[in-house]
Amino acid sequence: MRRTLFNEDHEAFRETIRAFIEAEVVPVYDEWFAAGQAPRDFYYKLGELGVFGITVPEEFGGAGIESYKFEAVLYEETARAGVQFGGSGVHVLLALPYIKMLATDEQKKRYLPKFATGEEMWAIAMTEPGTGSDLAGMKTTAKLSEDGTHYVLNGAKTFITGGVHADKVIVCARTAAPTAEDRRHGISLFAVDTKSEGYSVGRKLDKLGLRTSDTAELAFVDVKVPVEDLLGEENKGFYYLGHNLASERWGIAFGAYAQAKAAVRFAKQYVQERTVFGKPVAHFQNTKFELAACQAEVDAAEAVADRATEALDAGELTPAEAASAKLFCTEVAHRVIDRCLQLHGGYGYMNEYPIARLYADNRVNRIYGGTSEIMKTIIAKDMGL
């Protein structure tokens, strides 16, 4: 089937990104993997390449392109090469929509130029120890000072992607107590400078996968946040978080599809080169059948991912549709990557092979951004069940 998602501009961007990955990432990726994070100066290179500024408005130093298709190309090309761009994904896909949606003109002038160049890297801090997906149960507080000039932030966050290198973090905190009618009331969002007194980065978490993406624990002890860094209105944070969940879940869905596609590529190459009993592994019927079944699943996931991308660009991707895309694509990726690893035999378990890293990286897709079980709940509710 002919694919219609991308045009000539997207394909030109793909060529640029593919060449960049081969020159700047592949030669040093093993070092990043061993260190557990990409180096900070790599993000300046992404900024120079224009990756961070694609959807940033032109008046703030970006290209002003309102489309997620260039981000989709990034997902496909990083997966194809078996690499990741550190924790930079959250910078664009998660943090930027909140800045564009909530920031005042004055805030945008302060935030976006450095955002686009990579001079200031952003993360978002929602999850807390013990709360998991229950964001309404967060304990971190932000209390307005008596003179009304700043908020005093206290609390802790965990599983914060990009938390080690972040210069600014969008922190979700309680500015009012929940009500009996609505546990979600009272949450606000703040753009917090990581150099603030009382702000600290705890452990860099040792993860199963996504090894080059820095993930950290954060702590806030009487951190002063100027009132000028409140994003949006007080106490409406939970609504804002829900508004951007569709794009976050799209990103996970598309990324999972891209990983599944890459897994088939890795497995196909391996079975054509690997010889067993005097024949390439690709010559055995089981190999052909397994890869054919995987390819069929990837084709289906591609169709779902592309449809979701078009809907997102049109502003029409509903929460239930995003949940459905995430559930389907992540479950497909889980099955496909597992089968492709099996075709590698014992070598598939070695981290020197990209399929092993892909297997570990993929596992979190069914957990973060809302677990598969939560996706099913959303879909069922939309069905009237």
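Relevant structure appears above.
What you are looking at is a predicted structure, and each value in this text was computed from that prediction instead of being measured. (Residues numbered from 1 in each chain as written. Predicted model: local features only at pLDDT ≥ 70, side-chain atom pairs only at ≥ 80, totals over all residues. Heavy atoms only, no water.)

How would you summarise unusual backbone geometry if you had to cite specific residues and measurements?
For Leu210, which is not glycine, the phi torsion reads 50° and is therefore positive. Despite not being glycine, Asp222 shows a phi value in the positive range, around 50°. Counting through the fold element by element, Asp222 comes out in strand 7 (residues 215-226). Take Asp222: its relative accessible area is 47%, and that puts it in the partly exposed class. (Helix = DSSP H or I, 4+ residues; strand = E, 2+ residues; numbered from the N terminus. Buried < 20%, exposed > 50% of the residue type's maximum accessible area, 1.4 Å probe, protein only.)

If you had to explain the state of the cysteines to someone new, which residues and values would you point to?
Scanning all chains against the criterion turns up zero disulfides. Sulfur of Cys294: no disulfide; nearest cysteine sulfur belongs to Cys340 and is 4.2 Å away. Under the relative-accessibility criterion, Cys294 is labelled buried at 0%. (Disulfide = S-S within 2.5 Å.)

Report on the nonpolar core, specifying residues and quantitative values.
Membership of the largest hydrophobic core comes to 91 residues, with the highest contact counts inside it found for Val25, Phe42, Leu189, Val336 and Cys340. Here the element with the most residues in this core is helix 8 (residues 245-273); it accounts for 15 residues. With sequence-adjacent residues up to four places away left out, Leu189 is seen in contact with Tyr98, Leu102, Ile170, Val171, Cys172, Asp229, Leu230, Leu231, Gly237, Tyr240 and Leu241. Among the nonpolar cores identified, the runner-up in size contains 18 residues, and Ala123, Val171, Ala173 and Phe220 belong to it. (Core = buried A, V, L, I, M, F, W, Y, C linked by side-chain atoms within 4.5 Å. Contact = heavy atoms within 4.5 Å.)

Give me helix 6 (residues 105-117): which residues, what numbers.
Here helix 6 is 13 residues long and its end C-alpha atoms lie 19 Å apart, about the 18 Å a rise of 1.5 Å per residue gives. Largest kink in helix 6: about 30°, centred on Tyr111, with the proline Pro113 one to four residues after it. Within the span of helix 6, buried status applies to Gln107, Lys108, Tyr111, Leu112, Phe115 and Ala116. In this fold, the buried residues of helix 6 make contact with helix 3 (40-49), helix 5 (88-102), strand 1 (122-125), strand 4 (168-174), strand 5 (187-193) and strand 8 (230-231). Following helix 6 by one or two positions, Gly118 has its phi on the positive side, about 85°. (Expected span 1.5 Å × (residues − 1). Bend = angle between axes of the 7 residues up to and from the residue.)

Any chance you could break down helix 4 (residues 69-81) for me, citing the residues and the numbers?
Helical geometry note: an α-helix holds 3.6 residues per turn, so side chains three or four residues apart project in the same direction. For helix 4, with 13 residues, the first-to-last C-alpha span of 19 Å sits near the 18 Å given by 1.5 Å per residue. Within helix 4 the residues assigned to the buried category are Lys69, Phe70, Glu71, Ala72, Val73, Leu74, Glu76, Glu77, Thr78 and Ala79. A positive phi of about 70° marks Gly82, the residue just after helix 4.

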